[in-house]
Amino acid sequence: MPANPYAHSGTVGASSARAGAPADCLLETRSLTKRFGHGKAAQTAVDAVGLHVRRNRVYGLLGPNGAGKSTTLKMICGMLRPSAGQILFDGRPWQRTDLYQTGSLIESAPLYPNLTARENLRVRTTLLGLPESRIDEVLATVDLAGTGRKRAGRFSLGMKQRLGIALALLACPRLLILDEPANGLDPLGIEDLRRLIRSFAARGITVVVSSHILTEVQHVADDIGIITGGRLAYEGPLEAGQDLERLFMDVCRADRARR
């Protein structure tokens, strides 16, 4: 298997806590584990995963369908309680107040189909006590300022995804979690989304994007982690010109051979 680990980690696939994690990590997980069920019927969906997400970078979380990517992200977003392990945010143990600094789009965007883009955003600003000036700012960021009175239920899938990202950006998050954001998008929608994701690092936003579409991660990510069978089998920087498909297949095959 090709070796391209972080200089600080020293090994490929070290998914438990690691000494010497880089000081520029905004998000880190240590032996993060999620089991569903009890006793002999319990199933481990995420097994001692240790991620190191550098601030103001795009981290691509890769893996086959059902590998544990979404479960990992739901724990980071507070939607699921870990069975074991730890999440660190900005170098300290994660707490629920960190959700105010985290924006997320998990699965489908939580939209009111009978409301316009602006009205959807106004619901969120009212709930969070945010200034309405943020609505114009995020609409401009995701290029939806000209949608007028069109209801969200009539939006294309790409527009719905961008409105979901706008909702996630309202509170000026430091961390943005995007789970399979390119699902169902046409080539133009994917290209728009790609440009949008790459722009976030320059705005001071750290992004974790989960996908099983290797080409999309290749275009946007600075670092990658590969989860297979619930384990983090690889983590490292994504080098220019690197054959990501070959790396992914080698990592998955090697992990399968170890089981």
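Everything quoted here is computed from the prediction, not taken from an experiment.

**Q** Would you explain the overall build of the protein in this entry?
**A** A count of helices and strands for the protein gives seven helices and 11 strands. The globule rule puts the C-alpha radius of gyration for 259 residues at 18 Å, and the 18 Å found for the protein is close to it. Along the first, second and third principal axes, the C-alpha atoms of the protein reach 55 × 40 × 40 Å. Within the protein, buried positions represent 49% of all 259 residues. Of the roughly 12100 Å² that the protein leaves accessible, carbon and sulfur atoms contribute 50%.

**Q** Explain the pairing of strand β2 (residues 43-49) to me, please; I cannot follow it from the model alone.
**A** Note that strand β1 (residues 25-36) and β2 share four bridges and pair antiparallel. Bridge pairing links R35 to T44 in β2. What sits between β1 and β2 in their antiparallel hairpin is a turn of six residues, with G37 showing a positive phi close to 90°.

**Q** Whenever I open this one, the environment of S104 confuses me. Can you help?
**A** Here S104 shows up in strand β7 (residues 102-105). Take S104: its relative accessible area is 31%, and that puts it in the partly exposed class. Sequence-wise, S104 and D179 are 75 residues apart; in three dimensions their C-alpha atoms are separated by 8.1 Å. In contact with S104, other than residues within four places in its own chain, are C77, A168, L176 and I177.

**Q** Explain helix α4 (residues 157-169) here, please?
**A** Every α-helix winds through 3.6 residues per turn, so residues three or four apart in the chain are directed the same way. Look at α4: 18 Å from first C-alpha to last across 13 residues, which is about the 18 Å you get at 1.5 Å a residue. Where burial is concerned, most of α4 is hidden: 11 out of the 13 residues are buried. Considered for burial, the residues of α4 that qualify are G158, M159, Q161, R162, L163, G164, I165, A166, L167, A168 and L169. Tucked into the core, α4 has its buried residues touching β7, α2 (117-128), α3 (133-141), β8 (175-179) and α5 (187-202).

**Q** What exactly am I supposed to notice about unusual backbone geometry here?
**A** Excluding glycine, most residues fall at negative phi; most peptide bonds, likewise, are trans. Phi angles above zero are rare outside glycine, and D90 is one such case at about 55°. Within the secondary structure, D90 is located in the loop between β5 (84-89) and β6 (92-93). Of note, the phi angle at D143 is positive, near 60°, even though the residue is not glycine. The topology assignment puts D143 in the loop between α3 and α4. Take D143: its relative accessible area is 61%, and that puts it in the exposed class.

**Q** Would you mind going over the nonpolar core with me for this structure?
**A** One recurring pattern in soluble globular proteins: nonpolar side chains tend to sit buried together. Ranked by size, the top nonpolar core spans 34 residues in total, and within it L121, L163 and I165 carry the most contacts. When residues of this core are traced back to their parent elements, those giving at least two are α2, α3, α4, β8, α5 and β9 (206-211). Broken down by element, the residue count for this core peaks at seven residues, all from α4. Residues within four places of L121 in sequence aside, it is in contact with I135, V138, L139, L163, A166, L167 and L170.

Quick notes on the rules
Residues numbered from 1 in each chain as written. Predicted model: local features only at pLDDT ≥ 70, side-chain atom pairs only at ≥ 80, totals over all residues. Heavy atoms only, no water. Helix = DSSP H or I, 4+ residues; strand = E, 2+ residues; numbered from the N terminus. Rg over C-alpha atoms; globule rule 2.2 N^0.38 Å. Buried < 20%, exposed > 50% of the residue type's maximum accessible area, 1.4 Å probe, protein only. Areas by Shrake-Rupley, 256 points an atom, 1.4 Å probe, with all protein chains shown as cover. Pairing = 2+ DSSP bridges. Contact = heavy atoms within 4.5 Å. Expected span 1.5 Å × (residues − 1). Core = buried A, V, L, I, M, F, W, Y, C linked by side-chain atoms within 4.5 Å.

Remember that the coordinates give geometry; whether it matters functionally is a separate question.
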